[in-house]
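Here is what each chain is made of, one letter per residue.
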Amino acid sequence: MLHAQDLGGTWDLRGGPVGSLPGQVPGCVHVDLLNDARIPDPFHDDNEKAVAWVGRTDWTYARDVTWDGPAHERVDLVFDGLDTVADILLGGVALGSTRNMHRGYRFDVTELLAGGPQRLEVLFTSAYTEAERVRDLLGPRPNAYPEPFNFIRKMACSFGWDWGPTLVTAGIWRPARLEGWSTARLATVRPLATFGARHPGSPPGAAGGTGRLDLTIGVERTRDRDLRARVLLDGRLLAVIDLPGDATNARADLDVAGVSPWNPRGHGEPALYELTVELLDGDRVLDRWRRRTGFRSVAIDQAGGGFVVHVNGAPVLVRGVNWIPDDIFPSRMTRERYERRLREAADAGVNLIRVWGGGIYEDRAFYEVCDELGLMVWQDFLFACADYPEEEPLRSEVVAEARENVTRLAPHPSLVTWNGNNENLWLHQAMGWDGDHSWGQTYYLSTLPAILAELDPSRPYQAGSPWSGSWDHLPNDVGHGTFHSWEVWNREDYLHYRDSAPRFVAEFGWQAPPAWTTLRQAVSDDPLRPDSPGVLHHQKAEDGNGKLARGLTPHFGSSGESVEAWHYLTQLNQVRAIRTGVEHWRSHWPHTAGTILWQLNDLWPVTSWAAIDGAGRHKPLYFALKELYADRALTVQPRDGGLVVAVLNDHPAEWSGPLLVERQDSGGAVLATVTRWVTVAPRSVALIPVPAAVAGFADPSAELLVSRFGDVRALWFAAEDRDFAHDDPGLTVEVETVPGGLDVRVQAVGLARDVLLQPDRIHPGAVCDRGFVTLLAGESAVFRVRAPLDLDPGSVKSPWVLTTLAAVLR
């Protein structure tokens with residue numbers, strides 16, 4: 001049986017001016033230096049600049065290794081990930097070189113370890129040195145940021161992005177081990193599990209409507225022997241596959257009876273089964289591979305320019321978020337952290353995670369958690385915002401990386417689609433990146449589709465995002481395929497979201513600063529101002545704070561009288577912007593078949609588009625997502641010169657009942673009303689016109705429209721906040737000490753718009769169960785604040801803990 005010996009733990013690390021220090025494997029140089037107090041925290045103030053030298057320094061990790069396991073014919077040294085440019089030596093003998101963070105590596109060290117312990121050294125060359133060497137060799141290529149990330153197969157955003165720091169890492173970032181084996185081992189196992197209709201490329205004549213397993217096995221041998229592979233599902237024998245003589249691969253296409261389909265969130269249970277493949281020499285088990293998988297069919301209907309995701313034959317309204325690496329130092333990620341973040345996404349109503357192309361192919365744990373939660377995964381190949389050379393030495397790395405990761409991720413039913421790149425086709429055209437150079441088009445339109453046709457025909461592929469489907473239309477065409485909505489935010493106000501109904505919105509977003517405590521822990525500016533040096537350093541977007549300010553003006557008139565007011569208003573404006581877009585686009589289902597918010601998470605403390613900040617605190621946007629991505633929601637929308645109530649029913653059951661629409665004044669007096677019985681079919685939208693007598697505002701500065709359907713409510717204001725009469729809502733606040741924290745009950749006499757309780761202002765570890773809440777006259781709400789220690793009830797009265805829009809604008 002194959003035996004693995006972990007090489008994780010403490011190694012010797014040397015490089016640059018720091019001499020020797022402990023280095024952790026898995027890990028990276030920055031974290032080792034930080035843990036040994038050799039560098040300041042790069043997340044604090046502008047320390048990012050002070051540690052820039054680390055990324056331009058060569059580093060060596062070293063330790064003594066010996067094979068302590070049972071005697072085997074072969075011993076391999078295995079690295080699951082090396083970041084990035086490395087030469088590997090054992091006992092002074094060169095084993096090989098690496099140039100790709102996104103691949104694993106294996107070296108035969110049988111003879112070298114036969115004599116006892118040997119010194120293992122991994123010599124890392126600065127990623128800058130390699131990227132600049134390749135750039136000089138192949139010639140420059142344009143990109144969206146002034147760093148050479150497109151000349152090296154490494155996490156692009158480690159070179160900085162418009163939400164991230166420039167911290168160019170090096171290290172043994174994924175596990176390392178020795179593996180001993182004899183006769184043969186399982187080199188690859190690639191299961192494609194489908195449900196229902198068969199995928200293209202399968203043998204003709206097999207029945208559909210049941211589980212299917214297309215299983216390919218690759219074997220590495222030390223000798224020629226007749227072997228067998230035993231395939232089990234939840235312990236039930238599915239097949240025994242013969243591997244005669246010197247055969248190194250085999251394929252079986254199996255009917256699997258008695259299985260339930262894996263379904264995305266909101267569409268049924270995500271059924272999973274344990275798939276086991278055992279390599280046998282007679283009755284002796286040589287190697288064993290085990291994963292959980294699920295059976296489902298996936299297609300994307302692109303008829304007429306559309307982009308409707310179908311799982312198991314049913315259309316799915318995509319309620320998605322874009323995912324960036326959750327830490328700029330991804331070796332710090334743990335299964336627990338993945339699970340926490342992904343559960344937060346699921347709890348917010350999300351059903352799809354897009355793994356963005358400037359990051360990494362995430363750890364196995366990420367995809368396993370998505371499998372368990374029913375979260376669909378859209379996986380980008382790792383190309384972003386640049387022209388990429390198609391020549392060597394990069395082309396062979398791109399091919400090897402793609403083949404390895406397509407195979408590695410094949411078991412995961414959550415993975416529903418592959419995407420060729422992020423914005424490269426669009427930017428090459430829109431930015432006029434012409435010239436006499438290769439730029440990546442061949443990868444996206446030829447190389448990657450060919451690899452997927454061979455290795456994974458079970459999942460749909462699109463050449464890029466955005467992508468209209470062909471060069472017959474501009475890549476970012478609102479009427480065809482996927483669309484990135486960035487005119488809004490960069491140049492236009494968010495009300496312009498309503499100008500169009502794209503077929504699928506794969507990116508859109510609006511910025512806001514992180515939670516107050518996250519900002520204060522990262523920035524020591526005194527006084528703190530929206531434009532103070534530390535705040536600006538933690539704003540990476542071009543003219544980001546200018547866009548924030550210009551975004552506030554048409555709605556609130558100004559950025560507020562203080563940094564606290566600026567913080568409140570920008571967070572509120574982020575919620576207003578995303579609400580405007582999502583509600584408008586959801587009301588156009590199925591023409592607009594989904595939205596993927598930019599972005600769920602951050603990888604350091606920064607002003608950004610994220611719903612969860614770099615310290616893991618929930619911004620108010622996170623709580624708004626719970627409403628916007630709910631199965632059932634209500635929204636008032638302008639249509640054809642009037643107003644309609646859009647009843648959004650993304651639920652398998654019909655939704656019916658009385659729809660009440662009232663025009664009220666801010667004191668709660670009903671000025672006009674209409675009730676209508678409404679029935680909305682499953683997975684559909686009903687648009688109910690609001691009569692002019694109800695929708696006609698006599699005094700927009702003091703009136704609002706209130707719609708109620710079941711336990712769901714929607715509000716509509718005809719006037720911008722700067723023009724609305726924000727009278728004192730007459731709030732009363734009662735605070736009750738409860739196990740684990742405080743319950744804060746807020747009662748309003750009059751209209752109280754956008755009441756916000758910021759729990760981190762009470763204690764850095766405190767959390768709350770809601771964000772902005774608007775109370776109509778006479779209404780109340782309870783904010784549940786929880787913390788790891790007892791909280792002082794009087795702390796709720798501290799400045800800016802509990803705030804209303806009226807208090808900020810008065």
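Refer to the structure above for everything that follows.
What counts, and where the lines are drawn
Residues numbered from 1 in each chain as written. Predicted model: local features only at pLDDT ≥ 70, side-chain atom pairs only at ≥ 80, totals over all residues. Heavy atoms only, no water. Buried < 20%, exposed > 50% of the residue type's maximum accessible area, 1.4 Å probe, protein only. Helix = DSSP H or I, 4+ residues; strand = E, 2+ residues; numbered from the N terminus. Pairing = 2+ DSSP bridges. Axes fitted to C-alpha atoms, helices over the stretch in contact; angles between N-to-C directions. Contact = heavy atoms within 4.5 Å. Left-handed = near helix turned anticlockwise from the far one by under 90°. Nonpolar A, V, L, I, M, F, W, Y, C, P; charged D, E, K, R; others polar. Phe/Tyr/Trp six-rings, centres within 6.5 Å; stacked < 30°, edge-to-face > 60°. Lys NZ or Arg CZ within 6 Å of the ring centre and 35° of its normal. Core = buried A, V, L, I, M, F, W, Y, C linked by side-chain atoms within 4.5 Å.

Asks: What is the right way to read helix 16 (residues 620-628) from this model?
Replies: Two residues of an α-helix separated by three or four positions point the same way, owing to the 3.6 residues in each turn. Buried residues dominate helix 16, accounting for seven of its nine residues. Along helix 16, the positions that sit buried rather than exposed are Pro-620, Leu-621, Tyr-622, Phe-623, Ala-624, Leu-625 and Leu-628.

Asks: Sorry, what's going on with the sheet that holds strand 4 (residues 59-65) here?
Replies: Pairing between the strands of a sheet is mediated by backbone hydrogen bonds and can be parallel or antiparallel. Ordered by their spatial adjacency, six strands build an open sheet running 3-2-4-9-6-7, and the pairing between neighbours is antiparallel. In this open sheet, the two edge strands, each paired with only one partner strand, are strand 3 (20-25) and strand 7 (93-99). Looking at each pair of strands side by side, their axes are set apart by 25° on average, direction ignored. Here strand 6 (residues 85-90) pairs with strand 9 (residues 118-125) via six bridges, running antiparallel. When the bridges of strand 9 are listed, Asp-87 appears paired with Leu-123.

Asks: What should I look at first to understand the environment of Phe-107 in this one?
Replies: Here Phe-107 lies in strand 8 (residues 105-108). Spatially, the C-alpha atom of Phe-107 lies 8.9 Å from that of Phe-79, the residues being 28 residues apart in sequence. Contact partners of Phe-107, with chain neighbours within four places excluded, come to Val-75, Asp-76, Leu-77, Phe-79, Ile-88, Leu-95 and Gly-96.

Asks: Is there a simple way to think about the sheet that holds strand 40 (residues 752-757) in this case?
Replies: Judged by pairing direction, the sheet is antiparallel, and its three strands sit side by side in the order 42-40-44 without closing on themselves. The strands lining the two open edges of the sheet, one partner per strand, are strand 42 (773-775) and strand 44 (802-803).

Asks: Mind showing me how you'd approach the packing of helix 6 (residues 335-347) against helix 7 (residues 364-373) here?
Replies: Angle between the axes and distance between the axes are the two parameters that describe a pair of packed helices. Running from amino to carboxyl end, helix 6 crosses helix 7 at an angle of 35°, the nearest separation of the two axes being 9 Å. The two elements helix 6 and helix 7 meet at a crossing, and its hand is right-handed. Touching Arg-335, Tyr-338, Glu-339, Leu-342, Arg-343 and Ala-346 of helix 6 are Ala-365, Phe-366, Glu-368, Val-369, Cys-370, Glu-372 and Leu-373, all from helix 7. In terms of residue class, the contact of helix 6 with helix 7 is built from eight nonpolar, no polar and five charged.

Asks: When you look at the packing of aromatic side chains in this model, what are you seeing that I'm missing?
Replies: Two measures describe an aromatic ring pair: the distance that separates the ring centres and the angle between the ring planes. Using the criterion set out here, one finds 38 aromatic pairs in the structure. With centroids separated by 5.9 Å and ring planes inclined at 75°, the aromatic side chains of Trp-486 and Trp-609 adopt a geometry described as edge-to-face. Here the residue Trp-486 occupies a position in the loop between strand 28 (482-485) and helix 11 (487-490), and Trp-609 occupies one in the loop between strand 30 (594-597) and helix 16, the gap between them amounting to 123 residues. Across the pair, exposure class does not vary: Trp-486 and Trp-609 are buried alike. Between Tyr-497 and Phe-508, the aromatic rings sit 6.1 Å apart at their centres with planes inclined by 85°, giving edge-to-face as the arrangement. Placement of Tyr-497 in the loop between helix 11 and strand 29 (504-508) and of Phe-508 in strand 29 is noted, with a sequence separation of eleven residues between them. For Tyr-497, a relative accessible area of 1% translates into the label buried. Taken together, Tyr-145, Phe-149, Trp-161, Trp-163, Trp-356 and Trp-598 form an aromatic cluster joined through their ring pairs. Above the ring of Phe-724, the side-chain terminus of Arg-753 is found at 5.4 Å from the ring centroid. Over the aromatic face of Phe-783 sits the side chain of Arg-770, whose NZ or CZ is 5.8 Å from the ring centroid.

Asks: What's the story with the nonpolar core in this structure? I'm lost.
Replies: A general tendency of soluble globular proteins is for nonpolar side chains to be buried together. Grouped together as the largest cluster of nonpolar side chains are 159 residues, with contacts concentrated most on Phe-79, Trp-161, Ile-172, Phe-366 and Phe-381. If we ignore the near neighbours within four places in the chain, the residues touching Trp-161 are Tyr-145, Phe-149, Ala-156, Trp-356, Ala-384, Cys-385 and Lys-540. With 29 residues, the next largest nonpolar core counts Leu-227, Ala-239, Tyr-273 and Val-277 among its residues.

Asks: Explain the environment of Glu-392 to me, please; I cannot follow it from the model alone.
Replies: For Glu-392, the location among the structural elements is in the loop between strand 25 (376-380) and helix 8 (395-409). Judged by relative accessible area, Glu-392 falls into the partly exposed class, the value being 43%.

Asks: Just to check I follow, could you spell out the pairing of strand 16 (residues 236-243) for this structure?
Replies: Within a regular strand, side chains alternate between the sheet's two faces. Relative to strand 16, strand 15 (residues 227-233) is paired through seven bridges, and the arrangement is antiparallel. Its bridge partner being in strand 16, Leu-232 is matched across the sheet by Leu-237. Between the end of strand 15 and the start of strand 16, which pair antiparallel, lie two residues, with Asp-234 showing a positive phi angle near 50°.

In short, geometric facts, not functional conclusions.
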